[in-house]
Amino acid sequence: MFGYIAINKAEMKFKDYDIYHSYYCGLCKVLKKNYGMRGQMTLSFDMTFLIVLLTGLYEPETKTESLNCIAHPLRKHIARTNELTDYAAAVNLILSYYKCKDDWDDERRKKGYAAAKLLAPKMKAVKEHYPEKISVISSCLKKLSMLEKQDEQNADTMAGIFGEIMAELFVFCHDEWETSLWKIGFFLGKFIYLMDAYEDVEKDIKTGNYNPFKQTFSKDPDFADNCRKLLTMMMAECSREFERLPILLHADILRNILYSGVWCRYTLVTEKRAQEKEKHL
């Protein structure tokens, strides 16, 4: 369930993109420092949003440096890091580990099994630092697995459980902003789960894998529009809670993601599906 919390680069200012990318480079650096190359391989843009969100809210002291990397050996990049980068790196590893386990448990993907085995030793340190979060995540994943085996078709119920996972991970500490961060994570998590199901429904029907949209995909002529309405509700709640936070630092970047970036995959999937439908007419 990676790749949904993205920017809309076409609508982002060059200055904002450079700042956003510098936090991404910072995350890459910290993943390698804290968890080695195995951890670095889990890098994704999704957790860059969490870093920027928490940095915008708490405004911690942030280190800026110019460095080279394997991906771009000939050109130096600016990397921004702070205490929240370390936290986001741990969250990134947690989600990557459980996604790999899920790929093996649900679809018996050998790559998922191998990746989970490689990340398992790195997870020991994370479990020691964040035992409560690991407990919540493990409990929620067990619920999801049980309901999937029962072929639960209430998409909102399933999305809500994944939302609880993201909500737990978005809460950095217990303070006055805890409730708002929990809600942002919860509704963003529901959006991610529903968007993932929306994108994979055709593939899951063919393979026989679980998907809460299986029954409605072929029967509902307004499937895409109804999913859009459902997704819009999730992002409306998420964005409403975001606007309640006193964030000025990097606010434009965050709004680009929440109001535009998260919809890029939906647009891509919907257009591709419409094109395929036209070919068969």
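Everything below is about the structure shown above.
Residues numbered from 1 in each chain as written. Predicted model: local features only at pLDDT ≥ 70, side-chain atom pairs only at ≥ 80, totals over all residues. Heavy atoms only, no water.

Draft legend 1. Main features of the overall build of the protein chain. Summing up its helical and strand segments, the protein chain has eleven helices and two strands in all. In the protein chain, the order of α-helices and β-strands from amino to carboxyl end is α-α-β-β-α-α-α-α-α-α-α-α-α. Over its C-alpha trace the protein chain gives a radius of gyration of 19 Å, about what one expects of a compact globule, namely 19 Å for 281 residues. If one aligns the C-alpha atoms of the protein chain with their principal axes, the spans along those axes are about 55 × 45 × 40 Å. (Helix = DSSP H or I, 4+ residues; strand = E, 2+ residues; numbered from the N terminus. Rg over C-alpha atoms; globule rule 2.2 N^0.38 Å.)

Draft legend 2. Structural context of the pattern of salt bridges. In total, this model carries nine salt bridges according to the counting rule given. Where R273 meets E202, a salt bridge forms, and the shortest distance between an N and an O atom there is 3.1 Å. With R273 in helix α11 (residues 264-279) and E202 in helix α7 (residues 178-207), this pair connects stretches of sequence that are 71 residues apart. By relative accessible area, R273 is classed as buried at 14%. In this structure E202 comes out as partly exposed when scored by relative accessible area, which is 34%. Put simply, E243 and R255 hold a salt bridge, and the shortest N to O gap is 2.9 Å. With E243 in helix α9 (residues 223-243) and R255 in helix α10 (residues 251-259), the pair connects residues that are twelve residues apart, well separated along the chain. With relative accessibility at 34%, the residue E243 sits in the partly exposed group. The exposure class of R255 is partly exposed, given its relative accessible area of 31%. (Salt bridge = Lys/Arg side-chain N within 4 Å of Asp/Glu carboxyl O. Buried < 20%, exposed > 50% of the residue type's maximum accessible area, 1.4 Å probe, protein only.)

Draft legend 3. Looking closely at the pairing of strand β2 (residues 77-81). A one-sided burial pattern is seen for β2, the buried positions being H77, A79 and T81 and the unburied ones I78 and R80. In this sheet, β2 lies alongside strand β1 (residues 63-67) in antiparallel orientation, the contact comprising five bridges. What sits directly across from E65, in β2, is A79. (Pairing = 2+ DSSP bridges.)

Draft legend 4. Summary view of the side chain of K133. You can see K133 is positioned in helix α5 (residues 131-149). Setting aside chain neighbours within four positions, we find K133 in contact with Y87, E168, L169 and V171. (Contact = heavy atoms within 4.5 Å.)

Draft legend 5. Local environment of the packing of α7 against α9. Relative orientation of the contacting elements α7 and α9 amounts to 160 degrees, with a least axis distance of 8 Å. When the axis of α7 is compared with that of α9, the two are roughly antiparallel. For the pair α7 and α9, the crossing hand works out as left-handed. Between α7 and α9, the contacting residues are S180, K183, I184, F187, L188, K190, F191, L194, M195, Y198 and V201 on the first element and F223, A224, C227, L230, L231, M234, M235, E237, C238, E241 and F242 on the second. Among the residues forming the contact of α7 with α9, the class breakdown is 17 nonpolar, one polar and four charged. (Axes fitted to C-alpha atoms, helices over the stretch in contact; angles between N-to-C directions. Parallel < 35°, antiparallel > 145°, perpendicular 65-115°, else oblique. Left-handed = near helix turned anticlockwise from the far one by under 90°. Nonpolar A, V, L, I, M, F, W, Y, C, P; charged D, E, K, R; others polar.)

So far we have only geometry, and geometry alone does not tell us how the molecule works.
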